[in-house]
Amino acid sequence: MAIKFKGVDFIEFDTLLTDDERLVRDNTRKFIEENIVPIIELCNREGRFPKELIAPMGELGFYGASLEGYGCAGMSAVEYGLMTQELERGDSGVRSFVSVQSGLCMYPIYAFGSEEQKEKYLPKMAKGEILGCFGLTEPDAGSDPAGMQTIARRDGEQWTISGTKRWIGLASIADIAVIWAKTDEGVRGFLVPTSAPGFTATPIQPKLAMRASIQCEIHLDNVRLTEADRLPLATGLTAPLTCLDEARYGILWGVVGAARDSYQVALDYTLNRHQFNRPIASFQIAQQKLVNMVLEINKGLLVALHTGRLKDAGMLRPEQISFGKLNNVRMAIDIAREARTMLGGNGITLDYSPMRHANNLEAVRTYEGTDEIHTLIIGRAITDLPAFESGTVARRGCQVT
Ligand SMILES: Cc1cc2nc3c(=O)[nH]c(=O)nc-3n(C[C@H](O)[C@H](O)[C@H](O)COP(=O)(O)OP(=O)(O)OC[C@H]3O[C@@H](n4cnc5c(N)ncnc54)[C@H](O)[C@@H]3O)c2cc1C
């Protein structure tokens, strides 16, 4: 008799994890099942970010989880990855919120901030009492952030920033914005209070993806800052690109969660729905679709775990993050779409998650480096021939938002 595999796991994945890693995963899963799953379809329908979960997620240590000290959980890269996988099983918007707060806002303060800035912001950000956002992309500078036009001008100890940023996650509910701007000294990062005169953030609506999260256009109109608001160790475009590597790492784990949820929904549905007097799952074409999902999800998990082990060993290169992000997002969107087909007409209703995941993943394949940009990064690593001429690429062998 065939062995019945529980869920998607075909490779005894848990045997590759430590007790602590399994604990982080299981605790996050419990939170998502109890708090996100019951409300997420309604949030998606209403285009509402579930703000009521900000504090509870802070209590569980989700924000800045891989940072040490300052009230942060100090998780390993693998533990952090397992956490993001569970978050994105719930919804990409929830995982994205945690990624922005952690990898794109707390991380730059942690890596490039002064001790004073770290003490001021990180403990409160870890609890979710202060929310952050990360402003790099502009209306005319997306894949090539070196083309940014936001300018910061120094006048002694004072700075004035003007410009427009687009697609900035959480900006309308954030307390501070990490803003990247050109200066006479090169690209620099600033901690801009969103209450500062001249700062406005307007949500981009309507959207067909990431409906349970917020992205904004930011306008900075002569916003006045002091030298104490500048991230002192962030010099050049390498600084924001390093932050992006942190967030991309979370994505290559997270999207496996969206794929797993899509698979599980398709499996349950086709086991229970009968056509031609048999469960749909008994037909060969349905089984082939399910098998392909199991193959790809398990391979994606191994890529994520290996990438995490490299990161924990301090050996991870940006090209390897591109490899994981490109592969796993591609895998996840294919599975979400295939799962949708297996639900027939019901798959296009709001009652089932695969189409929500597929729509979200359309955005995920665009932000934190598009599929095309990650392809070019990997292509450059293989051939040593850059396919595009950006100064950013030349500097780092890496790119991009
Ligand atoms: C949901 C969401 C959340 C986001 N959150 C943030 C955030 O919090 N902070 C932030 O700063 N930004 C954020 N972004 C911005 C995101 O990083 C950019 O959308 C992304 O970098 C692509 O830029 P663009 O949209 O301007 O597209 P473009 O750069 O204009 O690209 C359009 C198309 O051209 C392709 N292309 C561009 N250059 C090349 C090339 N050399 N070769 C081949 N193809 C190329 C791209 O791959 C893409 O397919 C977010 C975006 C979205 C959708």
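Numbering of residues starts from 1 in every chain and runs along the sequence as written. Residues qualify for local features only when their pLDDT is at least 70, as the model is predicted, and side-chain atom pairs are given and counted only at 80 or more; totals for whole chains, interfaces and linings, by contrast, use all residues. To obtain the side-chain values, all non-hydrogen atoms of the structure were included, while hydrogens and water were left out.

1. Focus on the overall build of the chain
In step 1: By the criteria applied, helices consist of DSSP H or I runs no shorter than four residues and strands consist of E runs no shorter than two, each listed in order from the N terminus. Looking only at helices and strands, the chain features 11 helices and 10 strands.
In step 2: The C-alpha extent of the chain, read off along each of the three principal axes, is 80 × 50 × 40 Å.
In step 3: Among the 401 residues that make up the chain, the fraction classed as buried is 56%.
In step 4: What makes two residues a contact is simply this: any of their non-hydrogen atoms within 4.5 Å. A fraction of 76% describes how many contacts in the chain between residues 6 or more apart in sequence connect residues 24 or more apart.
In step 5: Exposure was quantified through the Shrake-Rupley algorithm and a 1.4 Å probe, taking into account, for residues, occlusion by the shown protein chains and nothing else. Carbon and sulfur atoms provide 53% of the accessible area of the chain, an area that totals close to 17,300 Å². Burial here depends on accessible area, computed with a 1.4 Å probe over protein chains only, as a share of the maximum for the residue type. Under 20% is buried, over 50% is exposed, and the range in between is partly exposed.

2. Re the confidence of the model for the chain
In step 1: Averaged over the chain, the pLDDT score is 95; the fraction of residues at 70 or greater is 95%.
In step 2: Each residue carries a pLDDT value, the predictor's own confidence for that position, ranging from 0 to 100. In this model, residues 392-400 is a region of pLDDT below 50 whose contacts with residues beyond four sequence positions or in other chains number 44 contacts.

3. So, helix α6 (residues 238-272)
In step 1: By this rule, a helix spans an expected 1.5 Å times one less than how many residues it contains. Taking 1.5 Å of rise per residue, the 35 residues of α6 would be expected to cover 51 Å, and the 52 Å separating its terminal C-alpha atoms lies within 8% of that figure.
In step 2: Here the bend at each residue means the angle between axes fitted to two seven-residue stretches, the one ending at that residue and the one beginning there. In the structure, α6 departs most strongly from a straight axis at L252, where the bend amounts to approximately 25°.
In step 3: Taken across its 35 residues, α6 has 29 buried, putting it largely inside the fold.

4. A word on the nonpolar core
In step 1: With 114 residues, the main nonpolar core has M57, M83, F97, W180, V192 and W253 as its most contacted residues.
In step 2: In terms of residues, this core owes the most to one element, α6, which gives 16 residues.
In step 3: Among all residues touching F97, those that are not within four sequence positions of it are F49, I54, M57, Y63, L131 and L170. What makes a nonpolar core is a set of buried Ala, Val, Leu, Ile, Met, Phe, Trp, Tyr and Cys residues whose side-chain atoms join them at distances within 4.5 Å.

5. Concerning the packing of aromatic side chains
In step 1: Side-chain rings of Phe, Tyr and Trp (the six-membered ring for Trp) are treated as a pair once their centres are within 6.5 Å; stacked means planes under 30 degrees apart, edge-to-face means over 60, and tilted covers the remaining angles. As enumerated under the stated definition, the model contains 9 aromatic pairs in all.
In step 2: By way of ring pairs, the aromatic residues F49, Y63 and F97 are connected into one cluster.
In step 3: For the cation-ring pair, K118 lies above Y110, with the distance from its terminal atom to the ring centre recorded as 5.8 Å.
In step 4: Any Lys NZ or Arg CZ that is within 6 Å of a ring centre and within 35 degrees of that ring's normal is treated as a charge sitting over the ring. For the cation-ring pair, K311 lies above Y249, with the distance from its terminal atom to the ring centre recorded as 5.5 Å.

6. Description of the side chain of T183
In step 1: Here T183 shows up in strand β4 (residues 176-183).
In step 2: At a separation of 2.9 Å, a polar atom in the side chain of T183 contacts the main-chain amide nitrogen of E185.
In step 3: At a separation of 2.7 Å, a polar atom in the side chain of T183 contacts the main-chain carbonyl oxygen of G186.
In step 4: Apart from residues no more than four positions distant in its own chain, T183 is found in contact with A152, W159, R188 and F190. Pairing of N or O atoms within 3.5 Å defines a polar contact, subject to two protein rules: one partner must be a possible hydrogen donor and the other a possible acceptor, and residues neighboring in sequence count only if both atoms are side-chain atoms.

7. Focus on the state of the cysteines
In step 1: Cysteine sulfur atoms that come within 2.5 Å of each other are treated as a disulfide pair. Enumeration according to the criterion identifies 0 disulfides in this entry.
In step 2: With no disulfide partner, C243 has as its closest neighbouring cysteine sulfur the one in C105, 9.1 Å distant.

8. Some remarks on the environment of C105
In step 1: With respect to the helices, strands and loops of the structure, C105 is situated in helix α4 (residues 92-112).
In step 2: According to the relative accessible area criterion, C105 is buried, its value standing at 0%.
In step 3: Distance in space between the C-alpha atoms of C105 and R29 is 24 Å, their sequence separation being 76 residues.
In step 4: Leave out the neighbours within four places in its chain, and C105 touches V100, M125, G132, C133, I176 and V178.

9. Some thoughts on the pattern of salt bridges
In step 1: Any carboxyl oxygen of Asp or Glu within 4 Å of a side-chain nitrogen of Lys or Arg constitutes a salt bridge here. In the structure shown here, the tally under the stated rule is 24 salt bridges.
In step 2: With a closest N to O distance of 3.9 Å, R317 and E319 form a salt bridge.
In step 3: Residue E319 is classed as buried on the basis of its relative accessible area of 17%.
In step 4: Several salt bridges share partner residues, and in doing so they unite R154, E185, E227 and R230 into one network.

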